[in-house]
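# Observations on the model geometry
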Amino acid sequence: MADLPYHIEPIADLHGHADRAWHLAWNPTKPLLASCSADKTVRIYSYARSGESGIEFSLVTSIPTGHTKTVRAVAWSPGGETLATASFDSNIGIWEAEPRAEDTERSGEWECASLLEGHETECKSVAYSSTGTYLASCSRDKTVWIWEVHPDADFECMSVLMEHTQDVKCVAWHPTEEILASASYDDTIKLYIDDPSDDWFCVTTLTGHASTVWALAWAPTGDYLASASDDRTVRIWQRVAEHKWEPAISLTGHERSVYSVSWGVGRFSKARLGSGCWWGGTVQVWELSESPATAETKVTPTHALLARLTSAHTVHDVNAVVWCPRKGYEDIFATAGDDGSVRVWKVSKTS
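As a starting point, this report considers the structure included with it.

Quick notes on the rules
- Residues numbered from 1 in each chain as written.
- Predicted model: local features only at pLDDT ≥ 70, side-chain atom pairs only at ≥ 80, totals over all residues.
- Heavy atoms only, no water.
- Helix = DSSP H or I, 4+ residues; strand = E, 2+ residues; numbered from the N terminus.
- Rg over C-alpha atoms; globule rule 2.2 N^0.38 Å.
- Buried < 20%, exposed > 50% of the residue type's maximum accessible area, 1.4 Å probe, protein only.
- Contact = heavy atoms within 4.5 Å.
- Areas by Shrake-Rupley, 256 points an atom, 1.4 Å probe, with all protein chains shown as cover.
- Lys, Arg positive; Asp, Glu negative; His and termini not counted.
- Charge placed at Lys NZ, Arg CZ, Asp CG, Glu CD.
- Pairing = 2+ DSSP bridges.
- Core = buried A, V, L, I, M, F, W, Y, C linked by side-chain atoms within 4.5 Å.
- Axes fitted to C-alpha atoms, helices over the stretch in contact; angles between N-to-C directions.
- Salt bridge = Lys/Arg side-chain N within 4 Å of Asp/Glu carboxyl O.

Attention shifts here to the overall build of the chain. Scanning the chain from N- to C-terminus turns up zero helices and 28 strands. Over its C-alpha atoms the chain spans a radius of gyration of 19 Å, differing by no more than 12% from the 20 Å that the globule rule assigns to 351 residues. Its C-alpha atoms give the chain principal-axis dimensions of about 60 × 55 × 35 Å. The 351 residues of the chain split such that 55% are buried. A fraction of 49% describes how many contacts in the chain between residues 6 or more apart in sequence connect residues 24 or more apart. Carbon together with sulfur atoms contributes 47% to the accessible area of the chain, which is approximately 15,000 Å² in total. Treating the 29 positive side-chain charges of the chain as one cloud and the 48 negative ones as another, the clouds have centres 7 Å apart.

See below:
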């Protein structure tokens, strides 16, 4: 679409998975990108600047994982030292790299430091809290588990939440607070907090989607939550009180189900950038900004479509889109597709 102010250009096309690539995770502290696949492996790539504007990617390792079924999701710990894998075999793997001799960086072979068991069936998503204190997982068994992270790759299950009535597709932690969100086949979003004297509990339920909620993404500020749905919309929920969230924007016009949503920080302004993708391989990038509050009105979010990319993985579905969180790479995102490839893209201003 030539009239849009930005365009999306390819940076890298990373092949190697023998089956569909399901999910991606950028390491928050190191130049690493992890991808997972139905081939039961995790591939880890390093990247570095090349020339004036290029970025080169190199395969660091391919981890066999030992999972007996599809690896559906990956998540880095906040410190970037540990990688969690969620598998359709119902288990969660915790991976750490062995230190290499005479090297302070963890750059040796990746080994499974722990295997978390408990879900009855397919594990769909896994996420670390912002402090690294907790790990959350969800499953087709309709449950959300919260694990407390202890030293030496020891994990203790703190709570099993059974609030959803159907398959739970995604879990996502608030960027600064210990608030957990989950999305489900039951068309709802649940938010959970911890009661110090008792247990984790559902503090609110967000309704409005007309079909499965596939994915969630918090704004970097924590003021908004984005949800992607089978109803072909991306909804933006605004925080209006400590534990109260209201629908603020519904991004419509999608031709297919929206499978993934990611929220990043815009390089060219203070406004956030959100991106969603849906079946058929289309990716859209929006800019979200705020109108200032007045004595009579609250802060109101506004949005504008910045760029659109069709057939990101040719005729294949796009399963995930994730912005790079590292400083200096705010205009970079990656996609994972049914063609087994991971593709990296840059959002550039149209001249």
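Most of strand E11 (residues 134-139) sits inside the fold, with six of its six residues counted as buried. Residues Tyr134, Ala136 and Cys138 of E11 are buried on one face, and the alternating residues Leu135, Ser137 and Ser139, pointing to the opposite face, are buried as well. For strand E10 (residues 123-128) and E11, the ladder comprises five bridges, and the chain directions are antiparallel. From the neighbouring strand, Ser125 faces E11, where its bridge partner is Cys138. The loop that links E10 with its antiparallel partner E11 comprises five residues; one of these, Gly132, has a positive phi angle of about 80 degrees. Examined bridge by bridge, E11 and strand E12 (residues 144-150) share five bridges and lie antiparallel to one another. The residue of E12 that forms the bridge with Leu135 is Trp147. Linking E11 back to E12 in an antiparallel pair, the connection comprises four residues, with Lys142 at a positive phi of about 75 degrees.

Here we come to the nonpolar core. Within the largest apolar cluster, 19 residues are counted, with the highest numbers of intra-cluster contacts made by Leu14, Trp26, Leu33, Phe57 and Val344. Counting residues in hydrophobic clusters, the runner-up holds 16 residues, among them Ala34, Ile44, Val71 and Leu83.

This paragraph deals with the sheet that holds strand E17 (residues 200-206). The strand order E14-E15-E16-E17 describes an open sheet built from four strands, whose pairing is antiparallel. Of all the strands in the sheet, the pair left with one neighbour each is strand E14 (168-173) and E17. Pairs of neighbouring strands in the sheet enclose a mean axial angle of 25 degrees, with direction left out of account. Note: strand E16 (residues 189-194) against E17, six bridges, orientation antiparallel. Among the inter-strand pairings, Leu191 is bridged to a residue of E17, identified as Thr204.

Under the counting rule described, the total for this entry stands at ten salt bridges. One salt bridge connects Lys169 with Asp167, and the closest N-O pair in it is separated by 2.9 Å. Taken together, the shared-partner salt bridges in this structure form one network comprising Glu122, Lys124, Arg140, Asp167 and Lys169.

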